[in-house]
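Residue-level structure breakdown
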Amino acid sequence: MVVIVQHLLEVAYLYYRDRCRFLRPQTEAIDFASTREPATAFSNHSSCRLTRPPENNDDFVLNSEQLNAVLTLSNAESIQQLWAAARVAGMCLLPGEECVVYILEPHSHRLVNLEDNEPLPMKGVMWETFRQKSQVCSTHLDAADPLCTILRTPASIESEKKIVVCTPVLDEEAVISILLVVCPELSPRDQLKLALLQKQIVLCYRRIRTASTTPVENAITNGPNYSDAMDDNSNESILQLCESLYDQDAATLQIKIINYLQAQTCADCGFLVLVSPDNTQLVVQVIGGKALEDEIKFPADGNVFSSVLMKRKSVTEKELTKDQLDELCRFLGVNVHTILGVPVLSRVTGNVVAIACVINKAGRKSFTAQDVVSVQHCFKYTAAVLTSTVAY
């Protein structure tokens, strides 16, 4: 009995001395001595990797606030906005008390904390994370670690048994961001949330970098006023859609968006009418779940979509003449009973960049105002990646 009690006391001591190392499976062990640079002030600190997120994410659920925080990343139109959104999302998704974000500036090619424009320190926990390109956690900070001056309450890490979790965000092999949170613990479910945040940051970073290479004229301060009146299920669905658009070609991206719109509006078919930058030509590349071998091009004036383009308002079969409906039937090769066309507006210029169309609602019912909201909600988060990916 004495031996058992002594063993329990030893285990308890090891746990409270270094929870992160104590809980890590033996297969995850890391020999930092073989990878670190010799004899620095940082070399004696206690650190370890956290375990990878579990493969089974059936119980992975975000609440409404967390969903909105992640979706906000999709609205970022600059590196500064992405940095701010990532910081808010990190605090919202994880049980952290502090969150520090460094992001790669395209012009200087440096990882910078945009709160004070300071570059990533070249020693300490964050530098170790950058150098190894892997997640690192620490239950102790050396006095020479720059984090001691960056964090508000570094002393609480040891006194209150907290963990510093530092995670790189990788775009292929390049580190484009470093996320650091101070928290009591990080569960497997939290790791899933962190992985989701990493993926969204990469997707948004790529989109912003692509958009920044294209000059934008007549930019406006306020973009389209899309509705936020959607439930959590819709937010979760759009988040899954945004994830699936990661690194997709133009045709596949359109198919995924169209499939989403068809499901949300109970439509038999859907397609996107892309608008050329000069507003003179309309292009259809995908109808339903099929990419056309030869895209269809036609002038922006004098057709069924002209009123949507000019008035920037949704249209249904009730606003179309019989000739226009017949034209649409010939264009699609199917009988059109009901239709909804919704303009997709650029959040940067306010111009119509596409017209999202769904046809033949189930039961031959007419499309509703809620269907319009569903389409607008979709493009609130996907319009930017759509316009940065498609080619006219």
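No experiment lies behind these values; they were computed from the predicted model shown.

Rules behind the numbers
- Residues numbered from 1 in each chain as written.
- Predicted model: local features only at pLDDT ≥ 70, side-chain atom pairs only at ≥ 80, totals over all residues.
- Heavy atoms only, no water.
- Helix = DSSP H or I, 4+ residues; strand = E, 2+ residues; numbered from the N terminus.
- Buried < 20%, exposed > 50% of the residue type's maximum accessible area, 1.4 Å probe, protein only.
- Contact = heavy atoms within 4.5 Å.
- Areas by Shrake-Rupley, 256 points an atom, 1.4 Å probe, with all protein chains shown as cover.
- Polar contact = N/O pair within 3.5 Å; in protein donor to acceptor, adjacent residues only side chain to side chain.
- Pairing = 2+ DSSP bridges.
- Axes fitted to C-alpha atoms, helices over the stretch in contact; angles between N-to-C directions.
- Parallel < 35°, antiparallel > 145°, perpendicular 65-115°, else oblique.
- Left-handed = near helix turned anticlockwise from the far one by under 90°.
- Nonpolar A, V, L, I, M, F, W, Y, C, P; charged D, E, K, R; others polar.
- Phe/Tyr/Trp six-rings, centres within 6.5 Å; stacked < 30°, edge-to-face > 60°.
- Expected span 1.5 Å × (residues − 1).
- Bend = angle between axes of the 7 residues up to and from the residue.
- Core = buried A, V, L, I, M, F, W, Y, C linked by side-chain atoms within 4.5 Å.

**A few points about the overall build of the chain**
When you go through the chain residue by residue, the secondary structure sums to 13 helices and 13 strands. Counting only residues that meet the buried cut, the chain has 49% of its 392 residues in that class. Sequence separation of 24 or more characterises 65% of the internal contacts of the chain that already satisfy a separation of 6 or more. Accessible surface, the chain as shown: approximately 19700 Å² in total, 51% of it carbon and sulfur.

**A word on the side chain of Thr338**
Relative to the elements of secondary structure, Thr338 occurs in the loop between helix 12 (322–332) and strand 12 (339–345). Within the structure, Thr338 has its side chain in polar contact with the backbone nitrogen of Lys361 (distance 3.0 Å). Contacts of Thr338, omitting those with residues within four sequence positions, involve Glu317, Val358, Ile359, Asn360, Lys361, Arg364, Lys365, Ser366 and Phe367.

**Some thoughts on the environment of Lys380**
Along the chain, Lys380 turns up in helix 13 (residues 369–389). For the pair Lys380 and Ile238, spaced 142 residues apart in sequence, the C-alpha to C-alpha distance is 9.8 Å.

**Description of the sheet that holds strand 10 (residues 290–299)**
Taken in spatial order, the six strands of this open sheet run 10-9-8-13-12-11, and their pairing is antiparallel. Each edge of the open sheet carries a strand with a single partner, namely strand 10 and strand 11 (315–316). Note: strand 12 against strand 13 (residues 352–361), seven bridges, orientation antiparallel. From the neighbouring strand, Leu345 faces strand 13, where its bridge partner is Val352. Packing of helix 12 onto the sheet brings it into contact with strand 8 (267–275), strand 9 (281–287), strand 10, strand 12 and strand 13, and relative to strand 8 it is tilted by some 95°. Against the sheet, helix 13 touches strand 8, strand 12 and strand 13, its axis set at about 40° to strand 12.

**Here's the deal with the packing of helix 3 (residues 64–72) against helix 4 (residues 79–93)**
Taken N-terminus to C-terminus, the directions of helix 3 and helix 4 make an angle of 160°; their axes are 8 Å apart at the nearest point. With respect to helix 4, the element helix 3 is oriented roughly antiparallel. The handedness of the crossing between helix 3 and helix 4 comes out as left-handed. Contacts between helix 3 and helix 4 involve Glu65, Gln66, Ala69, Val70 and Thr72 from the former and Ala85, Ala89, Cys92 and Leu93 from the latter. Of the residues assigned to the contact of helix 3 with helix 4, the class counts are six nonpolar, two polar and one charged.

**Regarding the environment of Ile238**
The residue Ile238 is located in helix 9 (residues 232–244) in this model. Taking the C-alpha atoms as reference points, Ile238 and Thr382, separated by 144 residues in sequence, lie 8.8 Å from one another. Ignoring any residue separated from it by four or fewer positions in sequence, one finds Ile238 in contact with Leu71, Tyr260, His377, Cys378, Tyr381 and Thr382.

**A short note on the packing of aromatic side chains**
For the structure on display, the rule yields six aromatic pairs. Grouping aromatic residues by their ring pairs yields a cluster made of Phe271, Phe298, Phe305 and Phe331.

**Thoughts on the packing of helix 10 (residues 250–265) against helix 13**
Helix 13 packs onto helix 10 with a crossing angle of 175° between their chain directions and a minimal axis gap of 10 Å. It follows from the interaxial angle that helix 10 and helix 13 lie roughly antiparallel. Along the contact surface, helix 10 presents Ala250, Leu253, Gln254, Ile257, Tyr260, Leu261, Gln264 and Thr265, while helix 13 presents Asp371, Ser374, Val375, Cys378, Phe379, Thr382, Val385, Leu386 and Thr389. Of the residues belonging to the contact of helix 10 with helix 13, the class tally is ten nonpolar, six polar and one charged.

**Digging into the side chain of Asp142**
Relative to the assigned elements, Asp142 resides in the loop between strand 5 (136–138) and helix 6 (147–150). The buried category is assigned to Asp142, whose relative accessible area is 10%. Side-chain polar atoms of Asp142 contact the side chain of His140, separated by 3.0 Å.

**What to know about helix 13**
Here helix 13 contains 21 residues, and its C-alpha end-to-end distance of 29 Å stays within 8% of the 30 Å for a straight helix at 1.5 Å per residue. Thr382 marks where helix 13 bends most, by close to 60°.

**Observations regarding helix 10**
Here helix 10 is 16 residues long and its end C-alpha atoms lie 23 Å apart, about the 22 Å a rise of 1.5 Å per residue gives. Among all positions of helix 10, only Ala250, Leu253, Gln254, Ile255, Ile257, Ile258, Tyr260, Leu261, Gln262 and Thr265 are buried. Just past helix 10, the residue Cys266 takes up positive phi, approximately 60°.

**Some thoughts on unusual backbone geometry**
Look at His109: it is not a glycine, yet its phi comes out positive at around 60°. Turning to its location among the elements, His109 is positioned in the loop between strand 2 (98–104) and strand 3 (111–113). The exposure class of His109 is exposed, given its relative accessible area of 62%. Even without glycine at this site, Asn360 takes up a positive phi of about 55°. In this structure, Asn360 sits in strand 13.

**Thoughts on the pairing of strand 10**
A regular strand carries its side chains on alternate faces of the sheet. Pairing of strand 9 with strand 10, which is carried by six bridges, proceeds in the antiparallel orientation. For Val284, the partnering residue across the bridge sits in strand 10 and is Ile296.

**Remarks on the nonpolar core**
Residues Leu180, Leu261 and Phe379 are the most contacted members of the largest nonpolar core, which totals 88 residues. In this structure Leu180 touches Glu98, Cys99, Val100, Met126, Leu147, Leu151, Val164, Val165 and Cys166, once residues within four positions along its chain are discounted. Counting residues in each nonpolar core, the second largest holds 26 residues, with Val304, Val315, Val352 and Ile359 among its members.

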